[in-house]
Every structure is written in structure tokens, then in C-alpha cells.
Amino acid sequence: MKPVILICTLIFSLSLFGQEKLNNLQAPTSPASSILDLQPKVVLSPKTYQTLETALFSSFIQDFRPVIPNDFSLEFTPYWAKNHSLSLEDYLYPKSITDQFVRNLSVSLASTQNFKLGDSAQSNSLAFGWRTTFYFGNKNDREILNDFEKKSDDIRKVYNRITIQAEKTGDAIQEGRSDNDKKASFLLDMKPVIYNTLYRVYNDLDMAEAMTEKILLDCDTLPEIDTEDPFTFIDLFNTIVDRNLRGEVVFNEYKSYIKERQGLSFDLAYAGFLNFPSNKFEYAFMPRQSLWITPSYRFRGDYDFIVISGVLRYDWYHEDYYRKYFPDNIVFKNNLDYGLEIAARFRKISLEFEMAGRTSNSYVLAGVDLQGNDLYRKEHNSDFQYIGSVHYNLTDQIILSYNLGNRFELIQDQNSTLVSLLSLNFGFGAPDKNILDLQYK
Amino acid sequence: MCKPYRYNNLSYTVADDSDVYFTVEYLSDGNSGLTSVDVPGTLDPEIKNAGKVFIGKGKDLRGEATYVSSNIDNKVSQEDEIRVKYLINNEELVEHHNLKSEAERITVILKITFPRP
């Protein structure tokens, strides 16, 4: 193995020739864009059937003629196109696998006019795909969600009761029926309401007293009440109450947890693409189809910084197409990628280790027997890579990365498989890596 | 911030002896919340998420206004709006709607009077 040491400002690239090797352990967010290797500037995400129709019509029809749009990507989640009055509980605990499949299903469409064939000729390509996720919660997950729900409910009980009393006082001030039209008297009037409500909900005298005092202290910064418009003051007062109750904090923590729940999840995705080598609709191939199965397990508690992911990807290639349009590439018909990633993410540093393998096979025509039957021989290839990475966030926009490991054999130089790569990655506010799967591109 | 949306001057005509039920219906997906009702007197029911509660006879709701504070949020990333309907005795009182890009945590405040027929 010859060492290759590179210092560059590009994200680690392992692009290979013809058939790409496994370089991403996740099922892609947009399978259609992924199979075309498209990184569109804009991903259309219509939320209703009407906006979907508009997006398709405006993109695929130009001057009243059908076209394959260039650099086009669209994601549509059919279930979320209309309301179902689905409760949060039903959302978090679907009753069946079918519910999960339908609710998490997203359909993707992508196209390009610049799909390069082996001789660098440009052609039109249209890709389609879908993706869904299955989640299997556990006892800990339910306990965490119940805890969030209890905290949220307690906050709402206190907040609602204080809000109602403040509204009553606000109406009375506006109608000239209240003596509490000065900030000091308003707060004096609210003090027992705050204290009693806190005590009734939390059953803790010290806590109720301390928080009441803190809320009143924070209200020192509020302006005087405008008797013509007391609700501007009341909205500011309610904001202080909410801040002390940690309403926003609990909401954000709860929301973040829902996005990354503890337990086992399976991402399932499929994509295929049509290529029109002569740019005529009547002459089309489906060169490649892919199926991803990505299980991952997220830990919580003391080990919540660890994520384990696996991947199983099956690629089917149209051999005749590749022989004709990519004659320099070695293509196998059936390809199975498999891999495992272990990631530990801390505040500034993240450590990742991935192992990935590929096994490919094809049946190649070897001749004809005496009876005139075709004879085939099986061609087989396999490869394996393992890479460890350390990422250090210098700032929110700059990440220093080091990768060390053994990568897949290159076609040009099979002995050069050692990877030792130091890179500095800059972020400029472009679409994030979760949207475009850029992390290993 | 928990953004307030006020609906004042709401009114529902009801006879003295009629039972009055207040209903919260979530229309958009994944809403979560608690609605507190403050009626004249000591009965101050609450509704967790969506549901229906008895808030008194028509005659019990005269005089002062009834206040409702509905603290709702939506944590579901696929949903882009909060849409809630409030009903009295199964008749629509008001429907609230806001985009989540405007606010993900809201308080809907209703001020309702119950005049005689």
C-alpha cells in the first residue's frame, strides 16, 4: 500500500468509476437525486396536491411541449398533503406497520439534461424513488416521552391560568373598570394568582415562592401599562411567565427528541432512473435500480452520544446499456453493499468508524454448446474498506477532519488503498448535509 | 415565545336550562396542548388535547364573560400549520389557523358571552 497524504479544502471524496462504491452508510434523503448523483440547487417540496401539480406542470411543460427539466428535484410526502386530525400520541405510537409506512413515505423525482455517457455526450435522465422509515420504540422511549408530556402539561396548566387572569385584568383596564392599571398594582394583583397556581400544580411551596419572586423581579424591566392598549404589556408579562416556566426550552427539547428518538429504526428506500441516450422518448433504458435498507440504533442516557448504523444496498445494473454507453467501465449486474458505522458525537469532536464491503456478480456469455444453448460463466468481485474519522468543529462554519483507513481498490492503481487525509471544511450556509447527503461526496 | 391569538366578542345564545358543552377539535396533525376554561363560578374545566367538556347550564354563564386559554404547540416536522376548531354544543364558534413559520407555540384566547335567546 502506498501512502497517500493529501491536505485539501474539499470534503473527502471517494468517487470511483462507472459503478460507485459504497461511500455513504445512510439511505439517501432523496433517492431519486442520489441515483443520478444530482446535487440540485433547489429541492421542490410541495405540501399539497395543488402545489404538486403546479410544480410538475411548470417544470415538465415548457412552451406547451413536454420536456425533461434540468437540475430538477422534487420531494413529496403524500400523507401530509392533507389534514387527518392525527393526535401527537397517534403520531408517536402508530398502531400498525402500514401506518408507519404511509406516514413516513416520501416520493422523489429528479431529472437532468446533463447525464454524461461514457463518451462525454450529454443525455436526458429521469429518476424516481421513494423512502420510508419504520421505528420501533422501547420502554425507555415511552418513559422519556411521558416525562416530556407531563412537564409540558404542568407548564400549560400554570400558563393558561395566569393568562386568563391577566386577560381579565386587561379587559377591565381597557374598559376603565380596574384600579390595577399601573404596573405595580397589576403585578401586586397577579402575585397570589401566580403563587397559588404554581403551588397547586407543582405542590412545592419553596419552588412556588421562588418562581413567583423571580417572575415579579423580571417584570421590573417592563414598561408602564398603556391603558389604551394594555395587551401589549400583558403579552410581555406572559412572555416572562413562559420564560420562567421554561416553556420554550421544554418545547425545543421535546421536539428535538422526537426527531431523534431512542431505539431501533429502519430506513427503506428505492430508486431507479431512465436514461434517454439519443434524447428520444421512444429509446430509453433503465440503467440502474437501487434498494437501501438502513437499520440504526440510537442510545440514550449515559450513551446518548453513540449512534450505530448499518446499511444493506442492492444495486441492479443493466449490463447491455453499460457495455454500449460506458465501454471502459467494468459493470456487474448484481451488487450488494453492506456496511456498519459507529459514531460518537460530542460537543466539539465527533469520531466515526465505518466498514463497508461490496460483492458483485454477473453471468457472462462464454460460448455455445453442441446443442446451440448459450453457456455462461459467473464473474465475481468483492472489496472491503474501513475508515476512521475525527472531526473537530473549530467554529460553527469550519470543521477540521482527519480520515485514516483502507479504501476500496481503485481501477487505475490497485495498490494505492491507504487513506490518510487531513481536510478543512468550510460551510457557507448552503443546503445542509442532511438534505443533500453531502457528507461523503 | 408562545404567540397569543385573541378572539374577543364571541357570543353563543343559550337558554337558561340548556346544558353547554365546549369542544376543542384539532384539525391539523400532531397538535399537542391543554385548554383551560374559566367560567363564572368555581367550575373551571380543562381539556387535554382535543375533547368536549360540560361548562354549565345557560343560566350559570350569564354576567361575566367566559375566558378560554388554549395553549397549543406542534412538534411534528412534516406538518406546516396549526389548525384548531372550537365548538359550543357542536356548533362552530371559531376556527383558528396559523402557519408554523409564524409560530409553533401558540395561545388561543377566547372571550365568550352567553346571552339569553
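Residues numbered from 1 in each chain as written. Chains lettered and ligands numbered in written order. Predicted model: local features only at pLDDT ≥ 70, side-chain atom pairs only at ≥ 80, totals over all residues.

**Examining the sheet that holds strand S3 (residues 31-38) of chain B**
All names here are of chain B. So the rule is basically this: Strands qualify as paired when DSSP identifies two bridges or more between them. The way it works is that DSSP assigns letters per residue, a run of H or I at least four long becomes a helix, a run of E at least two long becomes a strand, and they are numbered from the N terminus. Under this scheme, a helix contributes an axis fitted over its contacting stretch, all axes are lines through C-alpha atoms, and angles between N-to-C directions fall in the 0 to 180 degree range.
The strand order across the open sheet formed by five strands is S1-S9-S6-S3-S4, and the pairing between neighbours is mixed. The outermost strands of the open sheet, each flanked by one partner alone, are strand S1 (3-11) and strand S4 (46-48). For this sheet, the mean inter-axis angle between neighbouring strands, taken without regard to orientation, is 15°. Two elements, S3 and S4, share three bridges in a ladder whose sense is antiparallel. The residue bridging serine 36 from the neighbouring strand is glutamate 46, located in S4.

**So, the confidence of the model for chain A**
Heads up, the condition is: pLDDT expresses, on a scale from 0 to 100, how confident the predictor is about each individual residue. The contact rule is simple: place each C-beta atom from the backbone, and if two of them lie within 7 Å, those residues are in contact.
With 89% of its residues at a pLDDT of 70 or more, chain A has an overall mean of 85. In the model, residues 435-441 of chain A has pLDDT below 50 throughout and makes 18 contacts with residues more than four positions away in sequence or in other chains.

**Here's the deal with the confidence of the model for chain B**
Residues and elements named next belong to chain B. Per-residue confidence for chain B gives a mean pLDDT of 95; residues scoring 70 or more make up 100%. Considering each helix and strand of chain B separately, the mean pLDDT is smallest for strand S5 (residues 51-57), with a value of 95, and largest for strand S9 (residues 105-113), with 98. Of the two predicted TM-score estimates for the complex, the pTM is 0.79 and the ipTM is 0.97.

**With respect to the environment of isoleucine 68 of chain A**
Residue and element names in this part refer to chain A. Worth spelling out the cut-off: Counting other C-beta atoms within 10 Å of its own, a residue is labelled buried from 20 upward, exposed at 12 or fewer, and partly exposed in the gap between, with every C-beta atom placed from the backbone.
Tracing the backbone shows isoleucine 68 in the loop between strand S3 (65-66) and strand S4 (72-76). A tally of 19 C-beta atoms within 10 Å means that isoleucine 68 is categorised as partly exposed. Not counting residues up to four positions away in its chain, the partners in contact with isoleucine 68 are Ser111, Gln113, Asn124 and Leu126.

**Remarks on the pairing of strand S12 (residues 374-393) of chain A**
Residues and elements named next belong to chain A. Taken together, the 19 bridges between strand S11 (residues 349-368) and S12 define a ladder with antiparallel strand orientation. Paired with glycine 367 across the two strands is leucine 375, which belongs to S12. Turn length for the S11-S12 hairpin, with the two strands adjacent in sequence and antiparallel, is five residues, and the turn residue glycine 372 shows positive phi of about 85°. Judged from the eight bridges that link them, S12 and strand S13 (residues 398-406) form a sheet pairing that is antiparallel. Along S13, the bridge assignment pairs isoleucine 387 with glycine 405. In this antiparallel pair of consecutive strands, S12 and S13, the connection spans four residues.

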